[in-house]
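Now for the letters of each chain:
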Amino acid sequence: MFATLEQTDVAELHQFRDPATGLRALIALHSTRLGPALGGCRCLPYPDEHTALNDVCRLARGMSYKAALAGLPLGGGKAVIMEPDKPYDRAALYRAFGDAVNRLGGRYITAMDAGTEITDLDQVATRTRHVWGFSGDGMDPSPYTALGVFAALDAGIRHRFQRHGAKGLHIAIQGLGHVGSQLALMLARAGARLTLADLDPRRAQRLADRLNTRWVPADSLYDVACDIFMPCALGGVLNADTIPRLQAGLIVGAANNQLASDDDAQRLRQRDILYTPDYLNNAGGLISLALGHRQEDRSTIRQKVLGIGRTLSQLLDQADQHHLSPAQMADRQAEQRLHDDTGKHAWEAA
Ligand code: NAI
């Protein structure tokens, strides 16, 4: 366990168990230096504890980096619930999770993530006020996450293909949940040619029918000859097995921790595939929660989220100048902010 904490530089790990509801949850706090650790709660049928531990620690670090790069006064944390393998009372499980979050006294603020719905967070909110993005506060982050990824995509297209907009480009979208499905709608409207895939083939088929576009089984998506690959499902999808199969020139996606390891950024570079850092692209949801919590209006939130495109353009130029991969450049800038408090200052100036 400590090896994983050391590898990901996570400061605290909390374990919660509630036999009455079947709750088994981990909450990792990577850093609270710039503010309380905000990060979603993921609920998945993890095959074992080690996978869950690894996921929560890597995700918590990603949240710290994301908040730092977005200039928000927030730290990074994350929660995972190991989904019970027997039938369970979903509402009771999330209420028990709410009790767990509450015990941390506000040092961790929870939100939505893969496998969690707004209605689940409504249950959490009956037990703690340290939850953002439920029906009661009306702050659904997913549309803003999609908007931010859309802005990042535009910046990526300019840098990679020296052109504006997605019109006519062939884009493969992996994962058609809250974020991926919205991106598919936006990109269809923008005139992109889409190939869709989801682990749930019915979901892929439904959306493809609606948009009059193509879908393929989940594992075939890596082999599709396309211009852009968009990982919007889960992490670790860019790895030694999948990278040689990719035919895209650009990767821009919403999923957290897309690279299975640091080496994969290098693998992508060697194949001349431009990879744009996930935690920069997908910061829209986090920005919307942070600004929404400050009662900012929608247009201010939208503008700040669209700023992700500008931030990515600058980062891609800087990465080129320093002969680094964009992933290395982003990590370098985030770590600098985490250590010198620039994040706080950027927020105060905003
Ligand atoms: P979601 O749970 O609504 O959707 C994920 C979708 O991906 C599901 O339809 C699932 O069936 C599909 N999927 C899973 N594995 C797959 C695979 N190997 N191939 C194809 N499809 C697969 O999740 P959501 O909210 O759309 O988030 C997607 C990703 O974006 C996650 O990694 C999440 O952590 C990240 N993210 C989401 C944010 C949000 O505001 N919802 C904010 C920042 C990051």
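Structure shown above.
The following refers to the structure shown. Worth saying up front: this structure is predicted, and the values here are computed from it rather than measured. (Residues numbered from 1 in each chain as written. Predicted model: local features only at pLDDT ≥ 70, side-chain atom pairs only at ≥ 80, totals over all residues. Heavy atoms only, no water.)

## Digging into the overall build of the protein chain
- The helix and strand inventory of the protein chain stands at 13 helices and 11 strands.
- Taking 350 residues into account, the globule formula puts the C-alpha radius of gyration at 20 Å, and the protein chain, at 19 Å, falls close to it.
- Per-residue burial for the protein chain yields a buried fraction of 55% across its 350 residues.
- Long-range contacts, defined as pairs at least 24 residues apart, comprise 65% of the intrachain contacts of the protein chain with a sequence gap of at least 6.
- As presented, the protein chain carries roughly 15,300 Å² of accessible surface, and 47% of it is formed by carbon and sulfur atoms.
- Positive and negative side-chain charges of the protein chain, numbering 38 and 39 respectively, have mean locations separated by a distance of 4 Å. (Helix = DSSP H or I, 4+ residues; strand = E, 2+ residues; numbered from the N terminus. Rg over C-alpha atoms; globule rule 2.2 N^0.38 Å. Buried < 20%, exposed > 50% of the residue type's maximum accessible area, 1.4 Å probe, protein only. Contact = heavy atoms within 4.5 Å. Areas by Shrake-Rupley, 256 points an atom, 1.4 Å probe, with all protein chains shown as cover. Lys, Arg positive; Asp, Glu negative; His and termini not counted. Charge placed at Lys NZ, Arg CZ, Asp CG, Glu CD.)

## Some remarks on the site of the ligand
- Taken together, 23 residues sit near the ligand, with T145, H178, D198, R203 and A233 positioned nearest.
- Between an oxygen atom of the ligand and a side-chain N or O atom of D198, the distance comes to 2.6 Å.
- At 2.9 Å, a side-chain N or O of N256 approaches an oxygen atom of the ligand.
- Protein coverage of the free-state accessible area of the ligand, which is 830 Å², stands at 87%.
- Elements supplying a minimum of two residues to the shell around the ligand: α5 (142-161) and α6 (178-189). (Near = heavy atom within 4 Å. Polar contact = N/O pair within 3.5 Å; in protein donor to acceptor, adjacent residues only side chain to side chain.)

## Things to note about the nonpolar core
- Formed by 65 residues in total, the largest nonpolar core has its most connected members in L72, I171, I173, L187 and M230.
- Broken down by element, this core gets its largest block of residues, 8 residues, from α5.
- Discounting residues that sit within four places of it in the chain, L187 has contacts with F150, L153, A166, I171, I173, A192, L194 and M230.
- Within the second largest apolar cluster, 23 residues are counted, among which are A37, Y94, A96 and Y108. (Core = buried A, V, L, I, M, F, W, Y, C linked by side-chain atoms within 4.5 Å.)

## Thoughts on the sheet that holds strand β2 (residues 23-31)
- Spatial ordering of the open sheet is given by β1-β2-β4-β3-β5, a layout of 5 strands whose pairing is mixed. Each edge of the open sheet carries a strand with a single partner, namely β1 (12-18) and β5 (108-112). Averaged over all adjacent pairs, the angle separating strand axes in this sheet is 25°, with direction ignored.
- The pairing of strand β3 (residues 37-44) with strand β4 (residues 75-82) spans 6 bridges and is classified as parallel. Its bridge partner lying in β4, L44 is registered against M82.
- Of the strands in this sheet, β1, β2, β3, β4 and β5 are in contact with helix α3 (residues 90-103), which crosses β2 at around 35°. (Pairing = 2+ DSSP bridges. Axes fitted to C-alpha atoms, helices over the stretch in contact; angles between N-to-C directions.)

## Some points on the environment of L291
- For L291, the location among the structural elements is in helix α10 (residues 284-293).
- In sequence terms L291 and A11 are 280 residues apart; their C-alpha atoms lie 26 Å from each other.

## Some words on the sheet that holds strand β11 (residues 274-275)
- Read across the sheet, 6 strands follow the order β8-β7-β6-β9-β10-β11 without closing on themselves; strand pairing throughout is parallel. Unpaired on one side and paired on the other, β8 (214-215) and β11 mark the two borders of the sheet.
- Of the strand pairs in this sheet, strand β6 (residues 170-174) and strand β9 (residues 228-231) are connected by 4 bridges, and their pairing is parallel. Bridge pairing links I173 to M230 in β9.
- Running at roughly 165° to β6, α6 makes contact with β6, β7 (193-197) and β9 of the sheet.

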